[in-house]
Amino acid sequence: MTTLTPFFRRHVGYFVFAVVIMSIPAYLGDIYYLSVLAFMGTRFMMALGLSMLLGQAGQISLGQAAFVGIGAYGGAILTTRLGFNPWLAMALAAIVAAIIAGLVGMPTLRLKGHYLAMGTLGINEIIYILLVQLKGLTNGTDGITGIPSLSIGGLDLGGPKAYHLVVWGVALLMLRFALNLSRSRIGRSLRALHKSEPAAQSLGMNTSARKVQVFMLAAVFASIAGSFDAYYVNYVSPESYTITFSVIVVTGVIIGGLGTIWGALWGTVAIVVLPEILKRVNEDVTNLVFGVLLILIMIFWQGRSVSLWQRIRGRGGVRGDSGPPSREIEE
Amino acid sequence: MTFDQFLQYIFSGITSGSIYALTALGFTLIFNATQVINFSQGQLVMLGGMVAVGFHEFGLPLWACFLASIVVVVLLSAGLERSAIRPLLNKGVMAQVIATVGASFVFETGAMMIWGRDALTLPAFSGEDPISLGKATVVPQTLWVVGLTALIVIALQLFYRKTLFGKAVRACSVNPMAARLQGISYRRVVLFSFAMSGAISAAAGVMITPISFMSYSSGALLGLKGFAAATLGGLGSPVGAVAGGFALGIMEALGVGLVSAGYKDAIAFVILLLVLFVRPAGLLGAKVVSRQ
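Residue positions are given per chain, counting from 1 as you read along its sequence in written order. Each chain is given a letter, starting from A, and each ligand a number, starting from 1, according to the order in which they appear as written. Under the rules for a predicted model, residues below a pLDDT of 70 receive no local features and side-chain atom pairs below 80 are neither given nor counted, while totals for whole chains, interfaces and linings still include all residues.

Visitor: Give a description of the overall build of chain A that names residues and reports values.
Guide: Helices and strands together make up the secondary structure of chain A, namely 16 helices and four strands. Counting every position in chain A, which comprises 331 residues, the buried fraction comes to 50%. Taking the intrachain contacts of chain A between residues at least 6 apart in sequence as the baseline, contacts between residues at least 24 apart amount to 75%. Numbering goes from the N terminus for both helices and strands, where a helix is a DSSP run of H or I of at least four residues and a strand is a run of E of at least two. Burial is judged by counting the other C-beta atoms within 10 Å of a residue's own C-beta: 20 or more makes it buried, 12 or fewer makes it exposed, and any count in between marks it as partly exposed, with every C-beta position built from the backbone. Two residues qualify as a contact pair if the distance between their C-beta atoms, derived from the backbone, is within 7 Å.

Structure below.
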């Protein structure tokens, strides 16, 4: 136990968060709130992947919804048409997403930031068109119904409480992975290439390969999140995977703050909760608010490690200064 | 495909190609002045069409709607420059991409709240009676689109080559610092480039609305295709933008004839990705795309 104490102390923010989020079903039974939390879990996975790409490596993807769509449709098609186990289908879809990300990333990541942004927008549009047009495979705009829920060895995980534990369990694993990665040699190399690519190259780093790797990782996270969503609502249709959704995921990462992995969490809370609140006033206004927020955050952006929240509290850039979560801020 | 069908596809390709060419020009003007890619360019085209429809509902004659729409979009584009671009000129590519993406959300959602979700249209500028050219037929609007596009492109060339201010703008795109040392106001050039880009986009939007309708969500696709056209021709080259626009329009139309109409919109992006993969400087591009 004594040897473990420093370990727990170092990761206290993570463990507190894990305990809080995993115990929610014990005292919250409301289906509406549980479903909001379930979607928050998968949005968090998407934001985590993008946070590594955008926040750590400084490369922007405006096409994460395409990879979410690959995960969702991969899961849907493999389980309903071919009778695959949902977990196996999820893994295969993630592999497909990684391969497509690699193929798109290799040409575009060599170029300036604009091109990756446009290239990913293009991929998002192509995937969307394929989802609508490949009617034999995807059922077109009608979508695919009857997708099975998750289960483990006959244990049904489709109920809101069981699903919450599964989806947040996986999200926690991903968060741990992202935190460890960002603290590792790889994480440092990503931030190095963000700061100055020529400098990173001169130190012997293959920056192109590194960028493609993290882009593929973000695609895998997005794909897994998409599969979870498909198994939760048992239905997929193409209009969920438009560029608009991609931009909303980007908005989440930006709101949360670019330099921190934990920022993905606060950003996810914002993009899930804000629409639920604005819906009561006027549903249409949500994206307008997101757009204005994106512009404002960029204008007042001081440096990539400063989150909006820290700036509001006037603690810009100071590390280890704002409670447990920011102990994890990586710089 | 018979020769007559081929001709028909070419005509429709030239029509949409004109719009892509103007959108690509819009990207180019802003890129040359600021090195910024405006991700809300397509939304400016969309707003051009929607604002004209809005004025037409008030009963204004078409030519007045056309001009009014240009004025409104110029103001919006200049407003975008003043509010979101000027503070970000030195903040790097990512901030600019994200801010203009934010602007595209604002324009799109704003249009949806004002004009609703339905696709709207304008009457054609001079009637709907088709004109036959050989065995192919074209609607008069096609001639308007192609003619006005040619006029705009020529006028722009004259402006940038012959007038003092036009030369100042070109000087800034070559070397902003040296231009400033010559007493050229870089800020004015940037503001002007956004205004001009807005005007061209609005004109494109008004002209295409009678042919292919316009809705709040049309902008994203138009912007992507305009960017694909600009990349195809070589980003930064106005001649390349126009050539890329027409090339893309014709390839797309032939793709519809040879493959299927359903995949029409995917063609532009396949071309975009191929160009980025094989020849990132574009087919006519003089500028080498810098690799960070």
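Visitor: Which residues make up the overall build of chain B, and what values go with them?
Guide: In terms of helices and strands, chain B carries 11 helices and two strands. For 292 residues, the compact-globule estimate of 2.2 N^0.38 gives 19 Å, and the C-alpha radius of gyration of chain B, at 19 Å, lies within 12% of that figure. If one aligns the C-alpha atoms of chain B with their principal axes, the spans along those axes are about 60 × 45 × 35 Å. Looking at the 292 residues of chain B, the share that counts as buried comes to 54%. Counting only contacts in chain B whose residues sit at least 6 apart along the sequence, the fraction spanning at least 24 positions is 75%. Each radius of gyration is computed over the set of C-alpha atoms, and the globule rule expresses the reference value as 2.2 Å times the number of residues to the power 0.38.

Visitor: Can you break down the interface of chain A and chain B residue by residue, with the values?
Guide: Contacts between the two partners involve 37 residues from chain A, matched on the other side by 37 residues from chain B. Of all the secondary structure elements, the ones that give two or more residues to the side of chain A that touches chain B are helix H5 (86-108), helix H6 (113-133), helix H12 (243-256) and helix H14 (285-299) of chain A. The element that contributes the greatest number of residues to the side of chain A that touches chain B is H6(A), accounting for 12 residues. Note on residue classes: Ala, Val, Leu, Ile, Met, Phe, Trp, Tyr, Cys and Pro are nonpolar, Asp, Glu, Lys and Arg are charged, and everything else, Gly too, is polar. Considered class by class, the residues forming the side of chain A that touches chain B number 23 nonpolar, nine polar and five charged.

Visitor: With reference to specific residues and values, describe helix H4 (residues 93-115) of chain B.
Guide: Helix length check: H4(B), at 23 residues, gives a terminal C-alpha distance of 33 Å against a target of 33 Å (1.5 Å per residue), a fit within 8%. Backbone geometry just downstream of H4(B) places B:Gly116 in the positive-phi region, at approximately 80°. Helix span, as expected, comes to 1.5 Å for every residue beyond the first.

Visitor: Account for unusual backbone geometry, naming residues and giving values.
Guide: With the exception of glycine, most residues fall at negative phi, and the peptide bonds are largely trans. The residue A:Asn234 is not glycine, and still its phi comes out positive at about 60°. Note on placement: A:Asn234 falls in the loop between helix H11 (207-233) and strand E4 (235-236). Among the residues examined, A:Asn234 registers 15 C-beta atoms within 10 Å and is labelled partly exposed. Positive phi, normally seen in glycine, also occurs at B:Phe213, with a value near 65°. Note on placement: B:Phe213 falls in the loop between helix H8 (186-212) and helix H9 (218-233).

Visitor: For the packing of helix H4 (residues 64-80) of chain A against H6(A), give the residues involved together with the corresponding values.
Guide: Residues and elements named next belong to chain A. Lines fitted to C-alpha atoms define the axes here, with helix axes fitted over just the stretch in contact, and angles between the N-to-C directions of these axes take values from 0 to 180 degrees. Interaxial distance between H4 and H6 falls to 8 Å at its minimum, and their mutual angle equals 30°. Compared by their axis directions, H4 and H6 come out roughly parallel. Judged by the sense of rotation from one axis to the other, the crossing of H4 with H6 is left-handed. Seen from H4, the contacting residues are Ala-65, Ala-66, Gly-69, Ile-70 and Tyr-73; seen from H6, they are Ile-123, Asn-124, Ile-127 and Leu-131. An angle below 35 degrees is read as roughly parallel, one above 145 as roughly antiparallel, one from 65 to 115 as roughly perpendicular, and any other as oblique. Two helices that cross are described as forming a left-handed crossing if the nearer one is turned anticlockwise from the farther one by less than a right angle, and a right-handed crossing if clockwise.

Visitor: Any details on the packing of helix H1 (residues 3-34) of chain B against H8(B)? Residues and values, ideally.
Guide: All names here are of chain B. Two numbers describe how H1 lies on H8: the axes approach to 9 Å, and their chain directions differ by 170°. For the element pair H1 / H8, the angle class is roughly antiparallel. On H8, the residues that touch Thr-15, Ile-19, Leu-22, Thr-23, Leu-25, Gly-26, Leu-29, Ile-30, Ala-33 and Thr-34 of H1 are Val-189, Val-190, Ser-193, Phe-194, Met-196, Ser-197, Ile-200, Ser-201, Ala-203, Ala-204, Ile-208 and Ile-211. Grouping the constituent residues of the contact of H1 with H8 by class yields 15 nonpolar, seven polar and no charged.

Visitor: Describe in detail the confidence of the model for chain B, supporting the description with residues and values.
Guide: All names here are of chain B. Mean pLDDT over chain B stands at 88; residues scoring 70 or higher make up 96%. The predictor rates its confidence in each residue with pLDDT, a number between 0 and 100. In this model residues 288-292 is a low-confidence stretch, pLDDT under 50, and it forms 11 contacts with partners more than four residues away in sequence or in other chains. Both scores are given for the predicted complex: the pTM is 0.86, the ipTM 0.87.

Visitor: Describe H9(B), with residues and values.
Guide: All names here are of chain B. Spanning 16 residues, H9 covers 23 Å between terminal C-alpha atoms, matching the ideal 22 Å at 1.5 Å per step. Of all 16 residues in H9, 15 are buried; the element is thus mostly enclosed. Positive backbone phi, approximately 105°, marks Gly-234, located one or two places after H9.

Visitor: Residue-level account of the environment of B:Ala124, with values.
Guide: Residues and elements named next belong to chain B. You can see Ala-124 is positioned in the loop between H4 and strand E1 (131-133). A count of 17 C-beta atoms within 10 Å places Ala-124 in the partly exposed class. Non-local contacts of Ala-124, meaning those with residues more than four positions away in its chain, are made with Val-139, Pro-140, Gln-141 and Pro-210.

Visitor: Which residues make up the confidence of the model for chain A, and what are the values?
Guide: Residue and element names in this part refer to chain A. Averaged over chain A, the pLDDT score is 84; the fraction of residues at 70 or greater is 90%. Ranking the helices and strands of chain A by mean pLDDT puts H4 first, with 94, and helix H16 (residues 323-326) last, with 32. Confidence drops under pLDDT 50 across residues 315-331; counting only partners more than four residues distant or on other chains, this segment forms 41 contacts.

Visitor: Explain the environment of A:Ser246 to me, using residue names and the numbers behind them.
Guide: Residue and element names in this part refer to chain A. Tracing the chain through its elements places Ser-246 in helix H12. When the 27 C-beta atoms within 10 Å are taken as the criterion, Ser-246 is described as buried. Measuring from C-alpha to C-alpha, the distance between Ser-246 and Leu-293 comes to 16 Å, with 47 residues separating the pair along the chain. Those residues within four positions of Ser-246 in sequence are excluded, and the remaining contacts are Leu-62, Gly-63, Gln-64, Ala-65 and Asn-124.

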